[in-house]
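# Structural overview
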Amino acid sequence: MTPNTDGRHRARKRFGQNFLVREDIIHAIIQAVNATPSDRVVEIGPGLGALTDHLLKAAGALDVIEIDRDLAARLYQRQEPQLTVHETDVLKVDFQSFLPDAEKLRIVGNLPYNISTPLLLKLAKDHERVQDLHVMLQLEVVDRLVATSGSKTFGRLSVMMQSVFSIEQILSVPPDAFKPAPKVQSAVARLTPRAEVPSRPQLAALEAATRLAFGNKRKTLRNNFKQTLSESELTDLDVNPNARAETLSLDAFHRLAGAIVRKTNP
Ligand code: SAM
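In this text, all values refer to a predicted model and were calculated from it rather than measured experimentally. (Residues numbered from 1 in each chain as written. Predicted model: local features only at pLDDT ≥ 70, side-chain atom pairs only at ≥ 80, totals over all residues. Heavy atoms only, no water.)

## As for the pattern of salt bridges
Here is the rule: One speaks of a salt bridge when a side-chain nitrogen belonging to Lys or Arg is within 4 Å of a carboxyl oxygen belonging to Asp or Glu. Every helix listed is a DSSP run of H or I at least four residues long, and every strand listed is a run of E at least two residues long, numbered separately from the N terminus. Relative accessible area decides the class of each residue, using a 1.4 Å probe on protein chains only: under 20% of the type maximum gives buried, over 50% gives exposed, and in between gives partly exposed.
What the rule picks out here adds up to 16 salt bridges. Here R106 makes a salt bridge to D39, at a shortest N to O gap of 2.9 Å. Of this pair, R106 sits in strand β5 (residues 105–110) while D39 is found in the loop between α1 (23–33) and β2 (41–44), placing the two residues 67 residues apart along the sequence. Owing to a relative accessible area of 6%, R106 belongs among the buried residues under this scheme. Judged by relative accessible area, which is 13%, D39 ranks as buried.

Next comes the structure, spelled out in structure tokens:
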């Protein structure tokens, strides 16, 4: 644990607790979210409430998901009728059935960095429930989210997330915006589900295709797909067997996923 951040709560490293303290950054995030009373807003990891109060004011009602018992208890103690505290691990939340009275959720969070990738992939699967996401992440993760084919950072996360969401970086955030300050740069991204999103089986096949394609980054696609698709099958899909995964377009990954679906359900 690091020293007290507000005189009472000690930031817990295992929960990725870096609390936002810079008002200009807090204000910029709240402005970007631009919540209104007709929105159903869910905050992941409210912590000491840097974003919570502003979101509550703008949305009129708010659901928060917090794993840290002490922090959740503080929020309960406020006894705000418009604030609902869910003390749980967000990775265990079934977003398909969460808050069934709402159709779509606006999800906001200064995310604990240690769970950001599994959480993003989980929300991609549950995209039907998502109106949009505004998330603070390590800059390195945002770089991977927005990377285009051919760049060094283009990888599995880029393909999976871009297949479901339009993604934009909306803010760069330096370490001094947090207490305790993290060692890395951060950034806020906005993710909005695309009009046409792959079905769950298609996403599962895309997961398999990206796992194979990026399995060994130094190997060609011919080698990485050896057990699954032959060289001629790759060529028929207009995929160069001698290419490497990071040079493929999103469309090519979707064609590979389609071929895997056809092979598994002939
Ligand atoms: N929103 C606050 C802020 O901006 O100052 C806190 C952000 S802090 C980076 C991450 C928060 O997520 C902490 O409050 C932490 O306890 C909580 N958290 C960590 N892992 C979690 C999990 N698996 N499920 C829900 N909350 C989690």
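## Description of the packing of aromatic side chains
Two numbers describe a pair of aromatic rings. These are the distance of the centres and the angle of the planes. Basically, it comes down to this: Note on ring pairs: Phe, Tyr and Trp rings are taken, using the six-membered ring of Trp, and paired if centres are within 6.5 Å. Classes follow the plane angle, with under 30 degrees stacked, over 60 edge-to-face and the rest tilted.
In the structure shown here, the tally under the stated rule is four aromatic pairs. Their ring planes at 55° and their centres at 6.3 Å tell us that F154 and F253 sit as a pair that is tilted. Pair noted here: F154 is in the loop between α5 (139–146) and α6 (156–164) and F253 is in helix α10 (residues 250–264), with a separation of 99 residues, a long-range link. Residue classification places F253 among the buried positions, given a relative accessible area of 0%. On the basis of an interplanar angle of 15° and a centroid distance of 5.5 Å, the ring pair of F214 and F253 is categorised as stacked. Of this pair, F214 sits in the loop between α7 (200–213) and α8 (221–224) while F253 is found in helix α10, placing the two residues 39 residues apart along the sequence.

## So, the packing of α6 against α7
The condition that has to hold: For helices, the axis comes from a line fit to the C-alpha atoms of the stretch in contact; other axes are also lines fit to C-alpha atoms, and the angle between any two N-to-C directions lies between 0 and 180 degrees. Every angle not falling under 35 degrees, over 145, or within 65 to 115 is termed oblique; those three ranges are roughly parallel, roughly antiparallel and roughly perpendicular. Take the far helix as the reference: if the near one is turned anticlockwise from it by less than a right angle, the crossing is left-handed, and if turned clockwise, right-handed. In what follows, a contact means two residues having at least one pair of non-hydrogen atoms within 4.5 Å.
Their axes nearest at 9 Å, the elements α6 and α7 cross at an angle of 160°. Between α6 and α7, the interaxial angle falls into the category roughly antiparallel. Taken as a pair, α6 and α7 cross one another with a handedness that is right-handed. Along the contact surface, α6 presents R156, V159, M160, S163 and V164, while α7 presents L203, L206, E207, T210 and R211.

## Observations concerning the pairing of β2
For the record, the criterion: Pairing between two strands is assigned when DSSP locates at least 2 bridges connecting them.
Along β2, one buried face is formed by V41 and E43 and the opposite face, lined by V42 and I44, is buried too. Note: β2 against strand β3 (residues 62–66), four bridges, orientation parallel. Note that in β3 the partner of V42 across the bridge is D63. Across four bridges, β2 lies against β5 in parallel orientation. Paired with E43 across the bridge in β5 is V108.

## Some points on the packing of α5 against α6
Using the following cut-off: Throughout, the ten residues Ala, Val, Leu, Ile, Met, Phe, Trp, Tyr, Cys and Pro are labelled nonpolar, Asp, Glu, Lys and Arg are labelled charged, and all others, Gly among them, are labelled polar.
One way to put it is that α5 packs onto α6 with a least axis distance of 7 Å and a crossing angle of 60°. Handedness of the crossing formed by α5 with α6: right-handed. Side by side, α5 and α6 meet where V141, R144, L145 and V146 of the first sit next to L157, S158, M161 and Q162 of the second. Its residues assigned to classes, the contact of α5 with α6 comprises five nonpolar, two polar and one charged.

## What about the domain arrangement of the protein chain?
Applicable threshold: An automatic or database domain assignment provides the domain bounds reported here. Here the quantity called buried area is the accessible surface, traced with a 1.4 Å probe, that two parts lose on coming together, added over both.
Along its sequence, the protein chain is organised into domain 1 (13–193) and domain 2 (200–264). At the interface, 18 residues of domain 1 touch 16 residues of domain 2. Roughly 1,300 Å² is buried in total at the junction of domain 1 and domain 2, and carbon and sulfur atoms are behind 61% of that figure. Taken together, domain 1 and domain 2 are joined by two salt bridges. We note a salt bridge from D126 to R200, for which the minimum N-O separation is 2.6 Å.

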